[in-house]
Amino acid sequence: MPLSAPEAWTLRRFSELYDTGPAAGARPFEDTHWMGVPALKCPLDLWVYQELLFRLRPGLIVETGTRHGGTAL
């Protein structure tokens, strides 16, 4: 289903703010950590992951492409 114009604007604006930060020099993508380990993911994505894991309760999770390991934690 295509996004409405307000939804598309919101998504685009969120992406811009997350990538560049709300203030000059801020880099939220680079400042996301879990237990002190860098997690190069959007915090909202991490929240969605934990919700899915809680609901689906998979027997096995395979993480690929881990850089620092924060997301795997």
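Source: prediction; values computed, not measured.

S.K.: Describe helix 2 (residues 43-56), and please don't skip the residues or the numbers.
M.R.: For helix 2, with 14 residues, the first-to-last C-alpha span of 20 Å sits near the 20 Å given by 1.5 Å per residue. Where helix 2 ends, the next residue or the one after it, arginine 57, has phi of about 45 degrees, a positive value.

S.K.: Describe the pattern of salt bridges, naming the residues involved and giving the relevant values.
M.R.: Following the criterion strictly, the structure yields 1 salt bridge and no others. One salt bridge in this structure joins glutamate 16 and arginine 13, with 3.3 Å as the shortest N-O distance. Placement of both glutamate 16 and arginine 13 in helix 1 (residues 5-20) is noted, with a separation of 3 residues, approximately one turn of the helix. Residue glutamate 16 is classed as partly exposed on the basis of its relative accessible area, which comes to 37%. You can call arginine 13 partly exposed: its relative accessible area is 35%.

Cut-offs applied
- Residues numbered from 1 in each chain as written.
- Predicted model: local features only at pLDDT ≥ 70, side-chain atom pairs only at ≥ 80, totals over all residues.
- Heavy atoms only, no water.
- Helix = DSSP H or I, 4+ residues; strand = E, 2+ residues; numbered from the N terminus.
- Expected span 1.5 Å × (residues − 1).
- Salt bridge = Lys/Arg side-chain N within 4 Å of Asp/Glu carboxyl O.
- Buried < 20%, exposed > 50% of the residue type's maximum accessible area, 1.4 Å probe, protein only.

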